[in-house]
Amino acid sequence: MAEQQQNASNTGAYLIRGAAILGGAAEDLLIRDGLIAGRGQDLDADAAGVRDATVIDAHGLVALPGMVDIHTHLREPGREDAETVETGTRAAALGGYTAVHAMANSTPVADTAGVVEQVLTLGRTAGWVDVRPVGAVTVGLAGEQLAELGAMADSRAHVRVFSDDGICVHDPVLMRRALEYVKAFDGVVAQHAQEPRLTAGAQMNEGEVSAVLGLAGWPAVAEESIIARDVLLAQHVGSRLHVCHVSTAGSVEIIRWAKSRGVDVTAEVTPHHLWLTDDLARSYDPVYKVNPPLRTDADVQALRAGLADGTIDVVGTDHAPHPSEHKECEWAQAAMGMTGLETALSVVQHTMIETGLMGWADFARVTSTAPAAIGRVQDQGRPLEVGEPANVTLVDPAARWTVDPSKMATMGRNSPFAGRELPGKVVATFFKGHPTVLGGELNTPYRYPADAVDAGRAGRR
């Protein structure tokens with residue numbers, strides 16, 4: 001990409017030349033005033049009334065709708081030693097994302113209208129992506145009483161996804177009440193499926209490797225039993241259920257069965273569960289410690305098949321940065337979690353596209369269209385057509401790069417792909433028609449109107 005393109009000013013007008021739309025035929029995209037103003041071959045910006053458009057040569061690149069992450073941990077407020085909204089959303093933009101759903105397990109927990117509005121304001125102040133706060137299901141994630149679901153839904157954050165992620169809503173009565181409550185505003189409960197009594201002290205997947213290593217196992221049934229219970233509850237009350245980070249072959253089958261019965265259930269899989277297995281725990285490197293744990297190769301293959309056939313709806317990163325001291329320690333004491341925003345596209349390309357299981361149009365469905373629909377984010381995940389919001393990601397599918405956590409925008413260095421060579425690289429990310437990433441590097445953030453940011457600050461006084 002030419003130097004003048006990398007340093008383009010925020011004119012609001014861009015002519016993308018020759019991008020393969022969803023991996024198909026090469027076409028031009030004209031962006032103006034935050035919208036796609038033209039699409040076709042050999043577009044003439046002047047003829048379309050757009051003058052001084054910055055031209056971007058995108059031959060050999062794939063154009064996708066901006067990616068939407070249904071499952072991100074930004075840590076702020078309260079855990080700024082691990083990540084901030086600023087650093088996390090910079091990582092998201094570099095990864096091709098234009099929207100992320102920020103999980104509720106911050107400090108304080110995002111269980112009130114005030115906290116979710118604070119997260120919304122932090123996201124708009126940063127300006128790298130659309131930050132959609134996720135509200136907690138229960139007060140303080142304690143699993144004892146419902147949080148202020150209605151107040152969060154009616155707030156400026158317009159919360160539609162609720163989750164105690166990191167902790168399972170294990171009380172079936174409380175889970176039923178949550179599912180019933182969110183129906184009033186078309187919300188969804190995103191469940192972290194983990195029966196706590198079956199996973200007390202668990203360190204990794206229960207199986208052959210855990211037996212050899214002498215580490216307490218996390219059995220597949222601990223996930224599958226909660227999913228089975230919850231799809232029946234969702235069917236009973238007629239509500240929407242989303243299953244976070246599915247990790248076992250049995251879970252895929254339960255979700256497939258539920259969908260065949262017409263249950264309104266959606267599910268996600270993480271990039272790391274599409275590739276890595278519990279065999280990596282033999283190294284005792286805590287970078288591979290995660291919840292749910294890495295499973296077997298048979299599980300990995302079932303997850304890939306489930307994503308390919310639509311049983312699993314979306315890829316969610318479960319981006320979980322930690323301070324180095326929480327990961328660079330002995331396995332038993334290490335925190336669970338992996339970073340993922342800057343590697344997700346490449347990992348999905350490697351595991352799903354290069355294996356022939358999916359094409360780029362399918363990629364757009366599972367990383368943009370479907371997650372936006374689940375989160376009820378109306379201006380994201382839209383087709384690359386005239387009149388639609390210009391949330392666009394340009395990818396070089398032929399690029400190869402080696403993961404170096406020290407060079408990432410996220411504060412977390414706990415990437416399980418460190419040192420691996422990955423395919424595909426984000427070249428540009430357009431958020432609301434503004435290039436947050438150009439030439440593979442951060443450009444400048446989108447600037448919200450002052451009243452869109454200041455209203456949030458006023459609401460917290």
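Being a predicted model, the structure only gives us computed values, none of them experimental.

**Focus: the confidence of the model for the protein**
- Averaged over the protein, the pLDDT score is 95; the fraction of residues at 70 or greater is 95%.
- Ignoring residues within four places in sequence, the model shows residues 1–10, a span with pLDDT below 50, making 18 contacts including any to other chains.

**As for the sheet that holds strand E6 (residues 67–72)**
- With parallel pairing, three strands are arranged side by side in an open sheet as E6-E7-E8. Looking at strand neighbours, the two that pair on one side only are E6 and strand E8 (130–133), the edges of this open sheet. Ignoring strand direction, the axes of neighbouring strands in this sheet form an average angle of 20°.
- Inspection of the sheet shows E6 paired to strand E7 (residues 97–102) by four bridges, in the parallel sense. Of the residues in E7, the one forming a bridge with Asp69 is Val100.

**Looking at unusual backbone geometry**
- The omega angle of the peptide bond from Glu76 to Pro77 is 5°, so this bond is cis rather than trans.
- Relative to the assigned elements, Pro77 resides in the loop between E6 and helix H2 (85–94).
- Between Asn291 and Pro292 the backbone carries a cis peptide bond, its omega angle lying at -5°.
- The phi angle at Leu141 is positive, at roughly 60°, despite the residue not being glycine.
- The residue Leu141 is located in the loop between E8 and helix H4 (149–154) in this model.
- In this structure Leu141 comes out as buried when scored by relative accessible area, which is 10%.
- In the Ramachandran plot, Tyr284 falls in the positive-phi region, its phi being about 60° despite a non-glycine side chain.
- By relative accessible area, which is 40% here, Tyr284 ends up partly exposed.

**Some details on the environment of Asp285**
- Inspection of the secondary structure assignment puts Asp285 in the loop between strand E14 (265–269) and helix H9 (297–309).
- Placed 43 residues apart in sequence, Asp285 and Glu328 show a C-alpha to C-alpha distance of 8.3 Å.

**Focus on the side chain of Arg160**
- Looking at the secondary structure, you find Arg160 in the loop between H4 and strand E9 (161–162).
- Although Arg160 is buried, it makes no salt bridge; Asp154 carries the closest opposite charge, 5.7 Å away.
- Reaching out from Arg160, the side chain makes a polar contact with the backbone oxygen of Ala153 at a distance of 3.2 Å.
- Apart from residues no more than four positions distant in its own chain, Arg160 is found in contact with Ala153, Phe185, Asp186, Gly187, Val188, Arg240, Gly375 and Arg376.

**Remarks on the sheet that holds E14**
- Taken in spatial order, the five strands make up an open sheet running E9-E10-E13-E14-E15, and their pairing is parallel. A single partner strand is all that each edge strand has here, and the edge strands are E9 and strand E15 (314–315).
- Two strands pair when backbone bridges link them, and strand E10 (residues 188–191) and strand E13 (residues 241–243) are joined in this way by three bridges, in the parallel orientation. Bridge assignment links Val189 to a residue of E13, and that residue is Leu241.

**What to know about the pattern of salt bridges**
- Following the criterion strictly, the structure yields 21 salt bridges and no others.
- Between Asp130 and Arg132 there is a salt bridge, and its shortest N-O distance comes to 3.8 Å.
- Notably, a salt bridge pairs Arg197 with Glu195, separated by 2.9 Å at the nearest N-O pair.
- Judged by its relative accessible area of 72%, Arg197 is exposed.
- Through salt bridges with shared partners, a single ionic network connects Glu27, Arg39 and Glu385.

**Considerations on the nonpolar core**
- The biggest cluster of nonpolar side chains holds 77 residues, and the ones touching the most others in it are Phe162 and Leu307.
- Of all the elements, helix H7 (residues 220–237) adds the most residues to this core, at six residues.
- Here Phe162 is in contact with Val134, Gly135, Ala136, Val137, Leu149, Met152, Ala153, Val182, Phe185, Val188, Val189 and Ala190, once residues within four sequence places are set aside.

**What to know about the packing of aromatic side chains**
- Tallying each qualifying case throughout the model produces eight aromatic pairs.
- Three or more aromatic residues link up through ring pairs in this structure, and these residues are Phe162, Tyr181 and Phe185.
- A cation over an aromatic ring shows up here: Arg420 above the ring of Trp275, its NZ or CZ 4.9 Å from the ring centre.
- Its guanidinium or amino end placed over the ring of Trp401, Lys425 lies 3.7 Å from that ring's centre, counting from NZ or CZ.

**Digging into the environment of Ala93**
- Among the structural elements, Ala93 can be located in helix H2.
- Sequence separation between Ala93 and Ser225 is 132 residues, and the spatial gap between their C-alpha atoms is 36 Å.
- Not counting the four nearest positions on each side in its chain, Ala93 is found in contact with Trp128, Val129, Val426, Thr429, Thr436, Val437 and Leu442.

**A closer look at H9**
- For H9, spanning 13 residues, the distance from its first C-alpha to its last is 18 Å, which sits close to the expected 18 Å at 1.5 Å a residue.
- What H9 keeps buried is the set Asp299, Val300, Ala302, Leu303, Arg304, Gly306 and Leu307.
- Gly310, located one to two residues past H9, shows a positive phi value of around 90°.

Rules and cut-offs
Residues numbered from 1 in each chain as written. Predicted model: local features only at pLDDT ≥ 70, side-chain atom pairs only at ≥ 80, totals over all residues. Heavy atoms only, no water. pLDDT = per-residue confidence, 0-100. Contact = heavy atoms within 4.5 Å. Pairing = 2+ DSSP bridges. Helix = DSSP H or I, 4+ residues; strand = E, 2+ residues; numbered from the N terminus. Axes fitted to C-alpha atoms, helices over the stretch in contact; angles between N-to-C directions. Buried < 20%, exposed > 50% of the residue type's maximum accessible area, 1.4 Å probe, protein only. Lys, Arg positive; Asp, Glu negative; His and termini not counted. Salt bridge = Lys/Arg side-chain N within 4 Å of Asp/Glu carboxyl O. Polar contact = N/O pair within 3.5 Å; in protein donor to acceptor, adjacent residues only side chain to side chain. Core = buried A, V, L, I, M, F, W, Y, C linked by side-chain atoms within 4.5 Å. Phe/Tyr/Trp six-rings, centres within 6.5 Å; stacked < 30°, edge-to-face > 60°. Lys NZ or Arg CZ within 6 Å of the ring centre and 35° of its normal. Expected span 1.5 Å × (residues − 1).

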